[in-house]
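Coordinates in review
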Amino acid sequence: MTDTQLLFFNRSHIFIKPLQNRRFGFTRVQKYNQFFSSGLIHKRIQCSMKSYRLSELTHAEVQSLKARPRIDFSSIFSMVHPIVDDVRNRGDASVKDYTERFDKVKLEKVVENVSELPDPELDAAVKEAFDVAYNNIYAFHLAQKSAETSVENMKGVRCKRVARSIGSVGLYVPGGTAVLPSTALMLSVPAQIAGCKTIVLATPPSQDGSICKEVLYCAKKAGVTHILKAGGAQAISAMAWGTESCPKVEKIFGPGNQYVTAAKMILQNSEAMISIDMPAGPSEVLVIADRYASPVHIAADLLSQAEHGPDSQVVLVIVGDGVDLEAIEQEISKQCQSLPRGEFASKALGHSFMVFARDMLEAISFSNLYAPEHLIVNVKDAEKWESIIENAGSVFLGEWTPESVGDYASGTNHVLPTYGYARMYGGVSLDSFLKYMTVQSLTEEGLKKLGPYVATMAEIEGLEAHKRAVTFRLQDIEARQVSSKR
């Protein structure tokens with residue numbers, strides 16, 4: 001790749017607030033340096049964000065940009081397999097042991113029946129926020145219910161498709177570096193609407209063995225029946241196999257770290273006979289911005305995903321001319337320095353990149369290739385481009401639509417395909433908690449009309465028993481008709 005194809009920001013460092021020990025700037029590589037000031041040692045974090053001009057890249061180079069960092073699951077599987085097997089064999093005792101080992105929490109009780117737990121006390125403002133989110137999520141997912149339709153394809157041949165809820169489901173709500181009660185809502189509300197009878201929510205316990213009160217509030221409101229006080233591979237295994245106190249589930253949902261993902265992958269191909277929602281990877285966002293987009297908003301949107309963790313994927317697509325790149329850089333530095341999770345964000349930016357597109361067609365073409373989990377289209381008249389967006393988990397149109405609203409309370413679901421899987425998967429929806437059966441019923445007249453065609457096709461395929469299942473009935477019909485004429 002030539003120097004003209006690979007551009008790097010390399011600005012002077014920007015000092016941050018005196019109480020902070022980090023400085024952020026853009027350089028080619030990420031470095032951790034220390035310098036002395038007033039007798040104190042300060043850590044300086046420098047971020048890199050590579051840049052490319054799409055029109056100057058070869059087809060192969062553009063294709064390479066869609067690749068995410070590879071995860072070597074072979075070593076992770078070797079660590080997770082023994083946990084999966086141990087939980088299968090020892091049940092609750094195994095879950096307790098791993099929770100004490102990994103989370104440093106000694107559990108007396110692994111599973112709580114939600115109906116037996118007292119309502120948690122929340123501040124009025126916090127409660128109102130979760131209530132608004134619940135109402136919007138409920139309304140959006142309830143609208144996904146489709147009316148049952150019956151079709152008479154031929155006279156006397158009636159077919160229909162009916163929905164039934166999955167009987168028992170497991171919902172994983174992470175609790176590692178951040179508490180995520182919003183995920184409890186995103187998963188439990190559609191399960192509640194679908195009518196799932198058993199809803200097990202797994203989440204790591206607090207240090208005293210209790211359940212996060214915000215998670216508990218959301219769980220109670222959305223009809224969760226059991227809470228498994230465990231995280232990681234042991235939680236996934238407990239829900240998949242079932243234990244003395246944890247009901248066995250038939251499908252497992254929810255994001256998680258590499259060990260959670262590995263456990264889901266192992267168990268969906270095991271004797272546990274479970275299904276999972278979708279493949280999962282680190283959180284990601286692709287932002288398309290033009291000269292009308294606010295640098296403050298662009299920086300905030302990029303950092304909102306970068307702060308999830310150092311492996312988050314962040315991509316900025318600049319459309320056309322007139323975009324103030326220096327202002328965007330300064331805003332990222334300014335905002336990053338004040339983030340409690342700024343070090344996570346800086347590491348994520350270190351392996352992220354931006355691309356320059358000549359126009360919106362080129363920008364969206366690249367986005368469709370990349371297939372991001374979240375796509376923000378922060379350009380003038382953003383709505384007119386919706387029809388050509390093909391691959392994205394969730395789309396956010398216009399300058400007043402930050403990705404955060406989808407994460408929390410607009411009503412759409414935030415459990416979405418990552419790692420490029422938006423090319424063939426959609427996010428969690430009401431349908432994720434349903435299974436569909438087809439039903440057909442034929443009258444005597446219907447079989448007389450359709451039967452001969454079925455018999456012909458069965459004969460062509462050499463399946464004589466299939467043919468006879470039809471022809472014997474047709475013979476019975478003919479015999480009764482002859483008998484009735486006598």
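See the structure above.
This text gives an overview of the structure that appears in the document. (Residues numbered from 1 in each chain as written. Predicted model: local features only at pLDDT ≥ 70, side-chain atom pairs only at ≥ 80, totals over all residues. Heavy atoms only, no water.)

Thoughts on the packing of helix H4 (residues 124–142) against helix H5 (residues 181–194)
- Where H4 meets H5, the axes come as close as 9 Å, and the angle between the chain directions of the two elements is 40 degrees. Considering their axes alone, H4 and H5 lie oblique with respect to each other. Judged by the twist between their axes, the crossing of H4 over H5 is right-handed. Contacts from Phe130, Ala133, Tyr134, Ile137, Tyr138, His141 and Leu142 of H4 reach H5 at Pro181, Leu185, Met186, Val189, Pro190, Gln192 and Ile193. (Axes fitted to C-alpha atoms, helices over the stretch in contact; angles between N-to-C directions. Helix = DSSP H or I, 4+ residues; strand = E, 2+ residues; numbered from the N terminus. Parallel < 35°, antiparallel > 145°, perpendicular 65-115°, else oblique. Left-handed = near helix turned anticlockwise from the far one by under 90°. Contact = heavy atoms within 4.5 Å.)

Digging into the nonpolar core
- In terms of nonpolar packing, the biggest core is built from 39 residues, with Val169, Leu185 and Phe433 touching the most fellow members.
- Contributing elements (two or more residues each) for this core: H4, strand S8 (168–172), H5, strand S9 (198–202) and helix H6 (213–221).
- Ranked by the residues each element gives to this core, the list is headed by H5, at eight residues.
- Other than its neighbours up to four places away in sequence, valine 169 contacts Ala191, Cys196, Thr198, Ile199, Val200, Val249, Lys251, Phe253 and Phe433.
- With 33 residues, the next largest nonpolar core counts Tyr98, Ala238, Val249 and Ile274 among its residues. (Core = buried A, V, L, I, M, F, W, Y, C linked by side-chain atoms within 4.5 Å. Buried < 20%, exposed > 50% of the residue type's maximum accessible area, 1.4 Å probe, protein only.)

Remarks on a positive patch on the surface
- A cluster of basic side chains, namely Lys155, Lys448, Lys449 and Lys485, defines a positive patch on the protein surface.
- When you line up the elements, lysine 448 lands in helix H14 (residues 444–460).
- Given the relative accessible area of 40%, lysine 448 is considered partly exposed. (Patch = residues over 30% accessible without salt bridge, like charges linked within 9 Å, V, L, I, M, F, W, Y side chains within 5 Å. Areas by Shrake-Rupley, 256 points an atom, 1.4 Å probe, with all protein chains shown as cover. Salt bridge = Lys/Arg side-chain N within 4 Å of Asp/Glu carboxyl O. Lys, Arg positive; Asp, Glu negative; His and termini not counted. Charge placed at Lys NZ, Arg CZ, Asp CG, Glu CD.)

Here we look at the sheet that holds strand S11 (residues 251–253)
- Judged by pairing direction, the sheet is mixed, and its six strands sit side by side in the order S5-S10-S9-S8-S11-S12 without closing on themselves. Each of the sheet's edge strands pairs with one partner strand only, and the pair in question is strand S5 (111–113) and strand S12 (275–276).
- Relative to S9, S8 is paired through five bridges, and the arrangement is parallel. Of the residues in S9, the one forming a bridge with leucine 171 is leucine 201.
- Each of S8, S9, strand S10 (226–228) and S11 is contacted by helix H7 (residues 232–241), which is oriented at about 175 degrees to S8, the strand it contacts most. (Pairing = 2+ DSSP bridges.)

Details of the environment of valine 62
- With respect to the element layout, valine 62 can be found in helix H1 (residues 59–64).
- Distance in space between the C-alpha atoms of valine 62 and leucine 369 is 9.0 Å, their sequence separation being 307 residues.
- Excluding anything up to four places from it in sequence, valine 62 contacts Leu54, Leu57, Phe366 and Leu369.

Quick look at the pattern of salt bridges
- Scanning the entire structure with this criterion turns up 16 salt bridges.
- For glutamate 152, the salt bridge goes to arginine 158, with nearest N and O atoms at 3.6 Å.
- Relative accessible area serves as the criterion here: at 42%, glutamate 152 is assigned to the partly exposed category.
- Among the salt bridges present, the one from arginine 468 reaches glutamate 464, with a minimum N-O distance of 3.3 Å. One end of the pair, arginine 468, and the other, glutamate 464, are both in helix H15 (residues 464–485), four residues apart, so they sit about a helical turn from each other.

Things to note about the sheet that holds strand S7 (residues 157–165)
- One open sheet accounts for three strands, arranged S6-S7-S18; its pairing is antiparallel. Every interior strand has two partners, whereas the edge strands, strand S6 (150–154) and strand S18 (434–442), have only one. Within the sheet, the average angular offset between the axes of one strand and its neighbour, ignoring direction, is 25 degrees.
- In this sheet, S7 lies alongside S6 in antiparallel orientation, the contact comprising four bridges.

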